[in-house]
Amino acid sequence: MVSTVDLNTVVGLSEQEAIARLKQDGYNELPSSRSRSILSFAWETVQDPIFLLLVGGGIIYWILGDLQEALILLGFVFFITGISLYQEGKTEHALEALRDLSSPRALVIRDGQRKRIAGREVVREDILVLAEGDRVSADAIMLSCSNLSTDESLLTGESLPVRKVASVGSMQMARPGGDELPFVYSGTLVVQGQGIAQVQAVGAQTEMGKIGNALQKLKPEPTPLQQEMTRLVSRLFGIALLLCIAIVVIYGITRGDWLKGFLAGITLAMAILPNEFPVVVTIFLALGAWRISQKHVLARRASAVETLGSATVLCVDKTGTLTLNQMAVQQLFAYNQTENPQPYNLELHLRESLPEAVHELVEFCILASQRDPFDPMEKAFKELGSHYLAHTEHLHDDWKLLREYPLSPHLLAMSHVWQSADGKQYEIAAKGAPEAIADLCHFTPQQQRILATQISEMANQGLRVLGVAKASLLDAPPPFLPPHPSLNPEHLPDEQHDFPFQFVGLVGLSDPVRPNVAPAIQECYTAGIRVVMITGDYPGTAQTIARQIGLMQMGAILTGAELDLMSDAELDQRIQSTNIFARAVPEQKLRLVNALKAKGEVVAMTGDGVNDAPALKSAQIGIAMGQRGTDVARESAALVLLNDDFSSIVEAVKMGRRIFDNLRKAMAYLLAIHIPIAGMSLIPVLFKLPLVLLPVHVAFLHLIIDPACSIVLEAEPAEATVMQRPPRNPKEPLFGRKTLGLAVLQGVGILVIVLAIFVVALYRRQGELDARALTFTTLILANLFLILSESSSSRLSLKILKSPNNALWWVIGGGLVFLLLVLYVPFLRQLFSFSFLHPIDLAICLGGGAIALLWFEQLKFLNRSKRVIQSKSRKPIPENL
């Protein structure tokens, strides 16, 4: 069913009217859980183990009559709560920004111009432009449609799509269900055709909104990394609990002071409980997704953030991703030329008028396109006609479109049936793949060979080639001969093959390569990532584009037709040496993805159409186009490319590697710093020495540890060599043996240094307060040096002074200021049970910290040497080395 409304007469709402309606009705979104308030953040913080341990320690100090210690612990409670609130607030803001980006997109007409907006910003009486693959963003009534069908199974349970018609006169919205209704509903999917609709209801007033609050109950599943962290934390928590109970019992039995034994147990629990681990993972993934969105890539699932750094193959289409998708007609080949036909190159005749021989070709290009086109190729045809054929008989703005035959997977051609203004002429215009147009025109094998030669010549120049054909109903055999001037569209044939088409000619369009693609391709190769181009264009066109962007082609180009003839075993052999697939249809992408996955590759696949959805879902990293992609593709993909630019994919891969690197640094830092804290909490109890660390000291350390692992290291820029190493093995755990070994060696190194200073100070000076002050100061300095060292896995710490990470200097500077306050403000010094440190004491502490730093750098140097050996030998170094 076809019904048309002239888009040139549709103005839609003005921006001012839309803003007013948005304020009046609210956003077009289903009732959902509100953003968490500061009270909910605070309640979660209250349940944190460290918070409870600090409160428990304060209660014990209060029972012992030490009110000052109780108050200082309470002060740390507020500090740590403030840090947690800042972290959670930053994460929530990042998630809210991602929710705005991931809102389904809608194409509306406002102020007479098409505009793509977030679906949540659609308002009542907005004019929606719907096309195949779109998700309808609001309940609306059809003003015009062409072969429009929607899938309403979400609302009705109907398994088959339902046909839509345009409304006649004023109508009220009705319940969904059944064919031939002029209503479309929020959340349903356009599976065929196109149309224009006016919004009648938004948000909770839609049929989807009336269903209930089921979507509120949906919660994202934990990622593999979060699951790994949950298992690790569960094991560490059990060990920590047993050790704490043992310390309380040992202290109480050996010293007879059970309250102080509980304090020692609380201190050890604060030192070794792994509560930061899952928090850091959550923060890194949320902020990582937000950072990737700043590179014009929306991460719809957190698992994509983890997987990005593991990508080994990028499969991309050509048009719009590698090229600008700004088509321009460059060559016209008119088939009606009788003597030595040659293509007409517009670039060579910019200031000349078009020769008469190609006028008909341009005329039927325009007739085979939408009257108000959105497709870049159809826009190019209209611009060409407006420039060269204005005020001629070849433009037909007053003709009436009777029927449209859309593209199908079986016939890559589309046709429009037109009726002239006087009702006496009926013309059919077709355009599409030249092979399909030749098939419609019933070309002989010889004609097909001649045509193929011309197509090859044009494609080898990097042009996208389309065929154009025409037919007249006056030439059609019965029963399609119109019996009267007013032809009923239902009398038209069901298939395009039933028309007597005549071949008009070929059109060659150029689409410039994006200027930043070639450097991005080279960056992929440096990073060990293979790039595969899958395009519907001719091999010659694909080869030309590949040459322009520096895409490596190891074997011959494989076409879609050849792919269909191949067995899985044959494809398994060819897939390793083929980087260009031409004349491929979207359905073949799934087979290519599965073949690459069978080879052990981690595949990132781009797509934009409905038929791309299976491949996007099958690929480890499905990437949908944000501007020209369908909602179905976006919903199937893990990532959405907001600007359809290949270089953004490469930037996202780089960001994914950076996120995982920084997460590993944060985890290694947490493990390393907890070793000396736990050791200095445990060893004095076991050897009946004075306690070095009390709850107040561990709480002070957490003021540095918490922001260091979740704010400082998260914000660290990518390593200079991040894209000069092969992709990470996705099966590699966060804590491999090498990472775990380095962290343990760092932590043990700090423990040995501070323990040596403690023992020497205790037995040389015979002073518990002196020993505690020296030990704690050395531990703080070693901690700050560890942050500096962990912030880079390759650079020497001196070079990091040029780091743009402001959070790093805030934490280090704040840690030093707080340390000086507790050492030299008498009231605070007394609360921390310290003695006065002289310059020589500070020099000793600084020397201990410097030794720790040298130890960290020596470990990094050894690790870097192994990498050099691996690079030269090209043999992987086992993880356990």
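Residues numbered from 1 in each chain as written. Predicted model: local features only at pLDDT ≥ 70, side-chain atom pairs only at ≥ 80, totals over all residues. Heavy atoms only, no water.

Student: Let's hear about the overall build of the protein: which residues, and what values?
Tutor: Within the protein, the regular secondary structure consists of 28 helices and 23 strands. Counting all 881 residues of the protein, 54% fall into the buried class. Here the analysis covers contacts within the protein between residues at least 6 apart in sequence; of these, 73% occur between residues at least 24 apart. Carbon and sulfur atoms provide 59% of the accessible area of the protein, an area that totals close to 39400 Å². (Helix = DSSP H or I, 4+ residues; strand = E, 2+ residues; numbered from the N terminus. Buried < 20%, exposed > 50% of the residue type's maximum accessible area, 1.4 Å probe, protein only. Contact = heavy atoms within 4.5 Å. Areas by Shrake-Rupley, 256 points an atom, 1.4 Å probe, with all protein chains shown as cover.)

Student: So what about the side chain of Ser 647? Which residues, and what values?
Tutor: In this fold, Ser 647 is placed in helix H22 (residues 646–686). Ignoring any residue separated from it by four or fewer positions in sequence, one finds Ser 647 in contact with Asn 516 and Ala 520.

Student: If you had to explain empty space enclosed by the protein to someone new, which residues and values would you point to?
Tutor: Counted according to the given criterion, the structure contains three cavities of 30 Å³ or more. Looking at the second largest cavity, its volume works out to about 40 Å³. Forming the walls of the second largest cavity are Phe 284, Gly 288, Arg 291, Arg 658, Ile 659, Asn 662 and Glu 714. At the level of secondary structure, the elements contributing two or more residues to the lining of the second largest cavity comprise helix H9 (276–293) and H22. (1 Å grid on protein atoms, 1.4 Å probe; cavity = no way out; pocket = protein on both sides within 12 Å on 5 of 7 lines; lining within 4 Å. Points joined across faces, edges and corners; volume = space filled by probe spheres on them.)

Student: Now, about the pattern of salt bridges: what can you tell me, with residues and values included?
Tutor: The full count for this structure, using the stated rule, is 19 salt bridges. When the shortest N-O distance is used, the salt bridge between Asp 126 and Arg 110 registers 2.6 Å. Placement of Asp 126 in the loop between strand E3 (113–118) and strand E4 (127–131) and of Arg 110 in strand E2 (residues 105–110) is noted, with a sequence separation of 16 residues between them. Both residues of the pair, Asp 126 and Arg 110, belong to the buried class. Notably, a salt bridge pairs Asp 645 with Arg 514, separated by 3.8 Å at the nearest N-O pair. One end of the pair, Asp 645, is in the loop between strand E23 (639–641) and H22; the other, Arg 514, is in the loop between strand E17 (502–510) and helix H15 (517–526), and 131 residues separate them in sequence. Under the relative-accessibility criterion, Asp 645 is labelled buried at 8%. Residues joined by salt bridges that share partners form a network here, namely Glu 15, Arg 110, Lys 115 and Asp 126. (Salt bridge = Lys/Arg side-chain N within 4 Å of Asp/Glu carboxyl O.)

Student: Requested: an account of the packing of aromatic side chains, with residues and values cited.
Tutor: This structure, assessed with the given rule, holds nine aromatic pairs. Centre to centre, the rings of Tyr 405 and Phe 499 are 5.6 Å apart; their planes meet at 80 degrees, and the pair counts as edge-to-face. One end of the pair, Tyr 405, is in strand E13 (residues 400–405); the other, Phe 499, is in the loop between strand E16 (464–472) and E17, and 94 residues separate them in sequence. For Tyr 405, a relative accessible area of 4% corresponds to the buried category. Classification of Phe 499 as buried rests on a relative accessible area of 2%. A centroid spacing of 5.3 Å and a plane angle of 75 degrees characterise the contact between Tyr 824 and Phe 836, whose relative ring orientation is edge-to-face. Here Tyr 824 is found in helix H26 (residues 806–824), whereas its partner Phe 836 is found in the loop between helix H27 (826–831) and helix H28 (839–873), with twelve residues between them in sequence. On the basis of relative accessible area, Phe 836 is assigned to the partly exposed category, the value being 42%. The structure contains a cluster of three or more aromatic residues connected by ring pairs, namely Tyr 335, Phe 443 and Phe 503. The ring of Tyr 27 has Arg 120 sitting right over it, with the charged end atom 3.9 Å from the ring centre. (Phe/Tyr/Trp six-rings, centres within 6.5 Å; stacked < 30°, edge-to-face > 60°. Lys NZ or Arg CZ within 6 Å of the ring centre and 35° of its normal.)

Student: Please give an account of the nonpolar core that cites residues and values.
Tutor: Core analysis: the biggest nonpolar cluster contains 128 residues, and Phe 646, Met 667, Tyr 669 and Ile 787 have the highest contact counts within it. By residue number, the principal contributor to this core is H22, which donates 23 residues. In this structure Ile 787 touches Tyr 669, Ile 704, Ala 708, Val 712, Leu 713, Leu 808 and Val 811, once residues within four positions along its chain are discounted. Listed in part, the 31 residues of the second largest apolar core include Val 417, Ala 436, Ala 471 and Tyr 538. (Core = buried A, V, L, I, M, F, W, Y, C linked by side-chain atoms within 4.5 Å.)

Student: Outline the packing of helix H11 (residues 359–367) against helix H12 (residues 376–388), listing residues and values.
Tutor: Running from amino to carboxyl end, H11 crosses H12 at an angle of 135 degrees, the nearest separation of the two axes being 9 Å. By the criterion of interaxial angle, the relationship of H11 to H12 is oblique. Regarding H11 and H12, the two cross each other, and that crossing is left-handed. Only Phe 381, Leu 384 and Gly 385 of H12 make contact with H11, whose side of the interface consists of Val 362, Cys 365 and Ile 366. Looking at side-chain class alone, the contact of H11 with H12 contains five nonpolar, one polar and no charged residues. (Axes fitted to C-alpha atoms, helices over the stretch in contact; angles between N-to-C directions. Parallel < 35°, antiparallel > 145°, perpendicular 65-115°, else oblique. Left-handed = near helix turned anticlockwise from the far one by under 90°. Nonpolar A, V, L, I, M, F, W, Y, C, P; charged D, E, K, R; others polar.)

Student: Before we move on, can you summarise the confidence of the model for the protein with the specific residues and values?
Tutor: Per-residue confidence for the protein gives a mean pLDDT of 79; residues scoring 70 or more make up 79%. Confidence drops under pLDDT 50 across residues 213–220; counting only partners more than four residues distant or on other chains, this segment forms five contacts. The model gives residues 868–881 a pLDDT under 50, and that stretch makes 13 contacts with residues more than four places away or in other chains. (pLDDT = per-residue confidence, 0-100.)

Student: Give a detailed account of H15, specifying residues and quantitative values.
Tutor: Given 3.6 residues per turn, any residue in an α-helix points the same way as the ones three and four places further on. For H15, every residue scored as buried is listed here: Val 517, Ala 520, Ile 521, Cys 524 and Tyr 525. Along the axis of H15, the buried positions cluster into a sector of 145 degrees, meaning they face one direction only. Residues of H15 that are buried make contact with strand E10 (313–316), strand E18 (530–534), helix H16 (539–549) and H22. (Arc of directions from axis to C-beta.)

Student: I'd love a proper account of H26, names of residues and values included.
Tutor: The terminal C-alpha atoms of H26 lie 27 Å apart, and with 19 residues this matches the ideal 27 Å at 1.5 Å per residue to within 8%. When we look at burial in H26, the residues that qualify are Ala 807, Leu 808, Val 811, Ile 812, Gly 815, Leu 819, Val 822 and Leu 823. All buried residues of H26 lie within an arc of 130 degrees about the axis, which places them on one face of the element. In H26, the exposed positions that point more than 90 degrees away from the buried face belong to Asn 806 and Trp 810. (Expected span 1.5 Å × (residues − 1).)

Student: Got a sec to walk through the sheet that holds E16? Specific residues and values, please.
Tutor: A sheet is described by the order of its strands in space; here seven strands give the open sequence E12-E11-E17-E16-E15-E14-E13, paired in antiparallel fashion. What marks the edges here is a single partner per strand, and that holds for strand E12 (344–345) and E13. When strand E15 (residues 426–432) meets E16, the two strands line up antiparallel, connected through six bridges. Bridge pairing in E16 places Ala 429 opposite Lys 470. (Pairing = 2+ DSSP bridges.)

Student: Before we move on, can you summarise the environment of Arg 116 with the specific residues and values?
Tutor: Tracing the backbone through its elements, the reader meets Arg 116 in strand E3. Judged by its relative accessible area of 27%, Arg 116 falls in the partly exposed class. C-alpha separation for the pair Arg 116 and Val 129, spaced 13 residues apart in sequence, amounts to 9.7 Å.

Student: Outline the sheet that holds strand E21 (residues 603–607), supporting the account with residue identities and numerical values.
Tutor: Across the sheet, eight strands lie side by side as E9-E23-E22-E21-E10-E18-E20-E19; this open sheet has mixed pairing. Looking at which strands have only one partner, the edges of the open sheet turn out to be strand E9 (297–299) and strand E19 (558–559). Alignment of E19 against strand E20 (residues 580–582), held across two bridges, turns out to be parallel. The residue of E20 that forms the bridge with Leu 558 is Phe 581. Set on the sheet, helix H19 (residues 587–598) makes contact with E10, E18, E20 and E21; between it and E21 the angle comes to about 170 degrees.

Student: Please set out the pairing of E18 residue by residue, giving values where relevant.
Tutor: Side-chain positions along a regular strand alternate between the two faces of the sheet. Judged by how many residues are buried, E18 sits mostly within the fold: five of five residues are covered. Every second residue of E18 is oriented toward a common face, with Arg 530, Val 532 and Ile 534 on one face and Val 531 and Met 533 on the other, all of them buried. Alignment of E10 against E18, held across four bridges, turns out to be parallel. The residue bridging Leu 314 from the neighbouring strand is Val 531, located in E18.

Student: Tell me what's going on with the pairing of E16, and back it up with residues and numbers.
Tutor: E16 sits mainly inside the fold: seven of its nine residues count as buried. Note that E16 and E17 share seven bridges and pair antiparallel. The residue bridging Gly 467 from the neighbouring strand is Leu 506, located in E17.

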